[in-house]
Amino acid sequence: MNMTRLGLTAAIVTTLTACSSLPEGRWQESTPVAGTKAMTLDIQKDRISAYAGCNRMMGKAQMEGDHLVVDNMATTLMMCHGKNAKREEALKQLLASKPVVEQHDDQLTLSSGDDSYTFTKQPSMEDGTTRFVYVAPEKAPCVGVAPMQCLQIREDKNQPWTLYYGTIEGFAPEPGIAYRLRIKEFDVPNPPADASSKRWILDMIVEQEVVTP
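About the criteria used
- Residues numbered from 1 in each chain as written.
- Predicted model: local features only at pLDDT ≥ 70, side-chain atom pairs only at ≥ 80, totals over all residues.
- Heavy atoms only, no water.
- Helix = DSSP H or I, 4+ residues; strand = E, 2+ residues; numbered from the N terminus.
- Buried < 20%, exposed > 50% of the residue type's maximum accessible area, 1.4 Å probe, protein only.
- Contact = heavy atoms within 4.5 Å.
- Lys, Arg positive; Asp, Glu negative; His and termini not counted.
- Charge placed at Lys NZ, Arg CZ, Asp CG, Glu CD.
- Core = buried A, V, L, I, M, F, W, Y, C linked by side-chain atoms within 4.5 Å.
- Phe/Tyr/Trp six-rings, centres within 6.5 Å; stacked < 30°, edge-to-face > 60°.
- 1 Å grid on protein atoms, 1.4 Å probe; cavity = no way out; pocket = protein on both sides within 12 Å on 5 of 7 lines; lining within 4 Å.
- Points joined across faces, edges and corners; volume = space filled by probe spheres on them.
- Nonpolar A, V, L, I, M, F, W, Y, C, P; charged D, E, K, R; others polar.
- Pairing = 2+ DSSP bridges.
- Salt bridge = Lys/Arg side-chain N within 4 Å of Asp/Glu carboxyl O.

**Q** I'd like a rundown of the overall build of the protein, residues and numbers included.
**A** If you tally the helices and strands in the protein, you get 2 helices and 15 strands. Each of the three principal axes of the protein carries a C-alpha extent, and together these read 75 × 40 × 30 Å. Within the span of the protein, comprising 213 residues, buried residues form 33% of the whole. Long-range pairs, those at least 24 residues apart, make up 49% of the contacts in the protein between residues at least 6 apart in sequence. Both charge centroids of the protein, one from 22 positive and one from 27 negative side chains, sit 2 Å from each other.

Shown next, in the form of structure tokens:
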């Protein structure tokens, strides 16, 4: 066998191995539907956690060839409405359909029939700074580029609420529910002039409580 053919064979084997390996890491939908939360996937070892704006889905994950197989999928039981409910059902069906996996660098695509979703790899949660914040049960009016509604947060129960103009990725608060969150904070290199230099990603909902008026 000549060296050119040997090199080509090795390249093919490497590609097939990459396609057959579980795409571990945190992934976020590259182009979410307007007015909805971006879908997220967290794949570690043989487990997957998926989120589409309402409930969190969890199950066992493995690769069969270039297909992602998710077994024993469970979900939290929050009531979902509108676009988020439809998106959650779409993600649930996608994961149950043994989608084809294609990975190119930091881009991951899951395809099943005519449905295809592309995700971008996110930073490792282990690299972020851990913070705990309380989130008030209601948003408050605020003015950024335009008038909007902001989360009210504080890090200590004895502190007054302060407005938070950004978003907490992976967090979809329900009105009337107070939260305590564990988040991971990352530096944003070269942020735009009107954007935060910090990025917050939900790590865990530590507490939540229904607050009656």
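**Q** Got a sec to walk through unusual backbone geometry? Specific residues and values, please.
**A** A positive phi angle is found at K45, which is not glycine, with a value near 55°. Its location among the elements puts K45 in the loop between β2 (40–44) and β3 (47–51). The phi dihedral of K98 is positive, around 55°, even though this residue is not glycine. Inspection of the secondary structure assignment puts K98 in the loop between α2 (82–96) and β6 (100–104).

**Q** Tell me about the nonpolar core, residues and numbers included.
**A** Counting residues in hydrophobic clusters, the biggest one holds 21 residues, and the most contacted among them are L41, I48, L68, L91, L95, L110 and F119. Beyond its immediate stretch of four places on either side in the chain, L68 contacts L22, I48, A61, Q62, M63, L95, K98, P99, V101 and L110.

**Q** Can you explain the packing of aromatic side chains? Please cite residues and give values.
**A** Counted by the stated rule, this structure contains 2 aromatic pairs. Seen in terms of ring centroids, Y164 and W200 are 4.4 Å apart; in terms of plane orientation they differ by 10°. Their pairing is stacked. Placement of the pair is Y164 in strand β12 (residues 162–164) and W200 in strand β15 (residues 198–210), with a sequence separation of 36 residues. When sorted by exposure, Y164 lands in the same class as W200, which is buried. Ring centres 5.0 Å apart and planes at 90° place the aromatic pair F171 and Y179 in the edge-to-face group.

**Q** Kindly report on the layout of surface pockets, identifying the contributing residues and their values.
**A** A volume near 610 Å³ is recorded for the largest pocket. Around the largest pocket sit 26 residues that line it, and S49, R56, G170, L202 and D203 are the ones nearest its centre. Contributions of two or more residues to the lining of the largest pocket are made by β1 (25–29), β2, β3 and β15. In the lining of the largest pocket, the residues fall into 13 nonpolar, 8 polar and 5 charged. Of the volumes computed, that of the second largest pocket is approximately 480 Å³. Around the second largest pocket, the lining is made up of 27 residues, and of these K37, K139, L151, A172 and P173 lie nearest the centre. The element best represented in the lining of the second largest pocket is strand β11 (residues 147–154), accounting for 4 residues.

**Q** Kindly report on the pairing of strand β10 (residues 140–143), identifying the contributing residues and their values.
**A** Because side chains alternate across β10, one face comprises the buried residues A140 and C142, and the other comprises P141 and V143, none of which is buried. The sheet contact formed by β10 and β11 spans 4 bridges and is antiparallel. Pairing of V143 across the sheet is with P147, part of β11. In this structure, the hairpin formed by β10 and β11 is closed by a connection of 3 residues.

**Q** Pulling in residues and values, what's your account of the side chain of E29?
**A** Turning to its location among the elements, E29 is positioned in strand β1. Residue E29 is classed as buried on the basis of its relative accessible area of 7%. In this structure E29 touches K37, A38, M39, R87, Y117, T118 and F119, once residues within four positions along its chain are discounted.

**Q** Could you give an account of the pattern of salt bridges, naming the residues involved and the relevant values?
**A** Pairing is possible between side chains of opposite charge, provided their charged atoms come close. Applying the stated criterion across every chain, the model contains 6 salt bridges. E185 is paired through a salt bridge with R131; the nearest N and O atoms lie 2.6 Å apart. With E185 in strand β14 (residues 177–187) and R131 in strand β9 (residues 129–135), this pair connects stretches of sequence that are 54 residues apart. Overall, the relative accessible area of 14% leaves E185 in the buried class. With a shortest N-O distance of 2.4 Å, K198 and D187 are connected by a salt bridge. Note that K198 is positioned in strand β15 and D187 in strand β14, a separation of 11 residues in sequence. Under the relative-accessibility criterion, D187 is labelled exposed at 58%.

By themselves, these figures tell us nothing about what the structure is for.
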